[in-house]
Amino acid sequence: MKTLELGGVVVPVSAALGLQQQISVIGGASVLRMMNGAGLKQTHWQRLAVSLSGSGWAPLGLQSLDYSAPLTLKCGLPRVVRSQSLLIALPVGRRSDAGYEPFARAHLADGREVATPVSIATHTATVTAVAGAISYAVWYWPQLTVIASPPDETFDQASGDCSWSISAEEQ
């Protein structure tokens, strides 16, 4: 089972059994209108916002982190990049520690996905072609430098359930 890490502290699986991760794009973007009414999107910058929550039978235990400084967040749930090409650009911010290496799947016309070998060179994944594939996907775990808020935590004595949530934005 995969887990997350924040500021060098690994969250134990027992504290993240119900792990949920939401990643949203935030940024300085606006739609400008031309004289004929056509829209033109202008983007100045983009970053990711991450909301994490979980529950388990153990407390989270991240109180000792310095939330006034940037922290490294190693996400415990993957994201995916899909393409019709065998060459897929991957984000720079991804985990490379053991057990979190990117892996690939080929999407077949009948809706099935099958595993296929992948090699990574810098930030480009090269996927091995699969007969009948209509697209390919490379799964990876994000690793971001974030500004985070201290977690909100709840402990329910009756059920023995510990739950928590953390909000962070990419630096």
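For the structure given in this document, a descriptive report is provided here.

Thresholds applied
Residues numbered from 1 in each chain as written. Predicted model: local features only at pLDDT ≥ 70, side-chain atom pairs only at ≥ 80, totals over all residues. Heavy atoms only, no water. Helix = DSSP H or I, 4+ residues; strand = E, 2+ residues; numbered from the N terminus. Contact = heavy atoms within 4.5 Å. Pairing = 2+ DSSP bridges. Phe/Tyr/Trp six-rings, centres within 6.5 Å; stacked < 30°, edge-to-face > 60°. Lys NZ or Arg CZ within 6 Å of the ring centre and 35° of its normal. Core = buried A, V, L, I, M, F, W, Y, C linked by side-chain atoms within 4.5 Å. Buried < 20%, exposed > 50% of the residue type's maximum accessible area, 1.4 Å probe, protein only. Salt bridge = Lys/Arg side-chain N within 4 Å of Asp/Glu carboxyl O.

1. Focus on the environment of lysine 41
Line of reasoning, step 1. Looking at the secondary structure, you find lysine 41 in strand β4 (residues 39-56).
Line of reasoning, step 2. Linking lysine 41 and glycine 76, residues 35 residues apart in sequence, is a C-alpha distance of 33 Å.

2. Observations regarding the environment of leucine 6
Line of reasoning, step 1. Within the element layout of this structure, leucine 6 appears in strand β1 (residues 5-6).
Line of reasoning, step 2. When near neighbours in sequence (up to four residues on either side) are disregarded, leucine 6 contacts Leu62, Leu65, Tyr67, Leu71, Thr72, Leu73, Val146 and Ile166.

3. A closer look at the pairing of strand β14 (residues 152-156)
Line of reasoning, step 1. The sheet contact formed by β14 and strand β15 (residues 161-170) spans five bridges and is antiparallel. Across the sheet, residue threonine 154 finds its bridge partner in β15, namely serine 163.
Line of reasoning, step 2. Counting the residues in the hairpin turn of β14 and β15 gives four residues, including glycine 160, whose phi is positive at 75°.

4. Thoughts on the packing of aromatic side chains
Line of reasoning, step 1. Taken as a whole, this structure holds three aromatic pairs when the rule is applied.
Line of reasoning, step 2. Taking 5.6 Å as the distance between ring centres and 10° as the angle between the ring planes, the aromatic pair formed by phenylalanine 103 and tryptophan 139 counts as stacked. Here tryptophan 139 lies in strand β12 (residues 133-140) and phenylalanine 103 lies in strand β8 (residues 103-108), a separation of 36 residues in the sequence.
Line of reasoning, step 3. Through a chain of ring-to-ring contacts, three or more aromatic side chains come together here, namely Tyr100, Phe103, Trp139 and Trp141.
Line of reasoning, step 4. The ring of tryptophan 141 carries lysine 2 above its face, with NZ or CZ at 5.1 Å from the centroid.

5. Examining the nonpolar core
Line of reasoning, step 1. Among the nonpolar cores identified, the biggest contains 24 residues, and Leu6, Leu62, Leu73, Val146 and Trp164 are the most heavily contacted of them.
Line of reasoning, step 2. Not counting the four nearest positions on each side in its chain, leucine 62 is found in contact with Leu6, Val9, Val11, Tyr67 and Ile166.
Line of reasoning, step 3. In terms of nonpolar packing, the next biggest core, distinct from the first, is built from nine residues, Ile88, Leu90, Ala106 and Val127 among them.

6. Quick look at the pattern of salt bridges
Line of reasoning, step 1. Going through the model one piece at a time under the given rule, you end up with four salt bridges.
Line of reasoning, step 2. Glutamate 113 serves as the salt-bridge partner of arginine 82, at 2.8 Å between the closest nitrogen and oxygen. Note that arginine 82 is positioned in strand β6 (residues 79-83) and glutamate 113 in strand β9 (residues 113-116), a separation of 31 residues in sequence.
Line of reasoning, step 3. Judged by its relative accessible area of 30%, glutamate 113 is partly exposed.

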